[in-house]
Amino acid sequence: MSERLAQSLLLGALILLPVRYVQAETPEDPIYIKTSNGWNGAYGHGNEYAEFRVIGNSAKLQDPYHILLQKDVGMMVSFVDKKELQSNRDLLGAHAQWETNYWHQHASRVESNTREDLTGTRKDVKVTEIRVYNDKGAQMSSYLIGLAAKDGVFALSVSSPAKKGVDPLVKELVSSFKLVPRNLNAEETKRLSSEAKAQR
């Protein structure tokens, strides 16, 4: 997996980069369509894709996988293949454990708990709050939002300094994070763009 956004935040190195939009037959990276109040995002894998909304005009795209949602709050978009998770039953549980294991290798202390209060009654989404401490006691919180797919898990990872109230923002992301059983090809991308324009 690429360098974690959370690592960048811990190092204080979240740098905004210019984003270039390239028309492609089938987008391999997440795509973003500007709306009147933020961005609509879509990330395809195989014959399905995950869609989500980033609400607020203060959100800034760093690159297709990293977004600065607000001051000191970043988000990373990813997909983890079920082969990496080595589980065919509880993909979301395996994904949360996989991520927690990663942090155990890179932090002095790690605490995690499932946040069912942020998912409501949905069973296709899991939110895990992971608190990471360095050797000086500094704490960072990462909210891992996993969406079950056919071949793995789409994930939104929201990272912020400790004690920054991001629960409402995470809940908002969860409500918009959905799986669409269609290929995210050029035709589908055009349809999403037309929909967004009609809502402006």
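A quick note: this is a predicted structure, and the numbers were derived from the prediction, not measured. (Residues numbered from 1 in each chain as written. Predicted model: local features only at pLDDT ≥ 70, side-chain atom pairs only at ≥ 80, totals over all residues. Heavy atoms only, no water.)

Caption draft 1: Looking closely at the side chain of His66. If you trace the backbone, His66 turns up in strand 5 (residues 66-70). Engagement of the side chain of His66 in a polar contact is seen with the side chain of Asp63, the distance being 2.9 Å. (Helix = DSSP H or I, 4+ residues; strand = E, 2+ residues; numbered from the N terminus. Polar contact = N/O pair within 3.5 Å; in protein donor to acceptor, adjacent residues only side chain to side chain.)

Caption draft 2: Main features of the sheet that holds strand 1 (residues 31-35). What the four strands build is an open sheet, ordered 1-2-3-11; its pairing is antiparallel. Each end of this open sheet is capped by a strand with a single partner; those strands are strand 1 and strand 11 (178-180). Averaged over all pairs of adjacent strands, the angle between strand axes in this sheet comes to 25°, irrespective of strand direction. Summarising the sheet, strand 1 and strand 2 (residues 38-45) pair through five bridges and their orientation is antiparallel. The residue of strand 2 that forms the bridge with Tyr32 is Gly41. (Pairing = 2+ DSSP bridges. Axes fitted to C-alpha atoms, helices over the stretch in contact; angles between N-to-C directions.)

Caption draft 3: Inspection of unusual backbone geometry at higher detail. Look at Asp72: it is not a glycine, yet its phi comes out positive at around 70°. Mapping Asp72 onto the fold places it in the loop between strand 5 and strand 6 (73-81).

Caption draft 4: Just the pattern of salt bridges, in detail. Scanning the model with the defined rule gives eleven salt bridges in all. Its salt-bridge partner being Asp72, residue Lys71 comes within 3.5 Å of it at the nearest N-O pair. Here Arg115 ties to Asp117 by a salt bridge, and the two come within 2.8 Å at their closest N and O atoms. According to the relative accessible area criterion, Asp117 is partly exposed, its value standing at 45%. Overlapping salt bridges bring together Arg109, Glu111, Arg115, Asp117, Glu129, Arg131 and Asp167 as one network. (Salt bridge = Lys/Arg side-chain N within 4 Å of Asp/Glu carboxyl O. Buried < 20%, exposed > 50% of the residue type's maximum accessible area, 1.4 Å probe, protein only.)

Caption draft 5: Spatial organisation of the sheet that holds strand 8 (residues 125-133). The strand order 4-5-6-10-9-8-7 describes an open sheet built from seven strands, whose pairing is antiparallel. Each edge of the open sheet carries a strand with a single partner, namely strand 4 (60-63) and strand 7 (109-114). Across this sheet, the average inter-strand angle for adjacent strands is 25°, counted without regard to direction. Sheet topology note: the strand 9 (residues 139-148)/strand 10 (residues 152-161) ladder contains nine bridges and is antiparallel. Bridging across to strand 10, Ala148 finds its partner in Val153. Relative to the sheet, helix 3 (residues 91-106) contacts strand 6, strand 7, strand 8, strand 9 and strand 10, its axis offset from that of strand 8 by approximately 10°. The sheet strands contacting helix 4 (residues 167-176) are strand 5, strand 6, strand 8, strand 9 and strand 10, and the helix crosses strand 9 at an angle near 15°. (Contact = heavy atoms within 4.5 Å.)

Caption draft 6: Layout of the packing of aromatic side chains. Counted by the stated rule, this structure contains six aromatic pairs. An angle of 75° between the planes, with centres 6.1 Å apart, marks the rings of Tyr32 and Phe52 as edge-to-face. With a gap of 20 residues between them, Tyr32 in strand 1 and Phe52 in strand 3 (residues 48-55) connect regions that are remote in the sequence. For the pair Tyr32 and Phe52, a shared accessibility class is recorded, and that class is buried. A centroid spacing of 5.1 Å and a plane angle of 85° characterise the contact between Tyr102 and Trp103, whose relative ring orientation is edge-to-face. Of the residues examined, Tyr102 reaches a relative accessible area of 16% and is grouped as buried. Each member of the aromatic cluster is reached from another via a ring pair, and the members are Tyr43, Tyr65, Phe79 and Phe154. The ring of Trp39 is capped by Lys34, whose NZ or CZ atom sits 5.2 Å from the centre of that ring. Here the basic side chain of Arg109 rests over the ring of Tyr133, its NZ or CZ set 3.8 Å away from the ring centre. (Phe/Tyr/Trp six-rings, centres within 6.5 Å; stacked < 30°, edge-to-face > 60°. Lys NZ or Arg CZ within 6 Å of the ring centre and 35° of its normal.)

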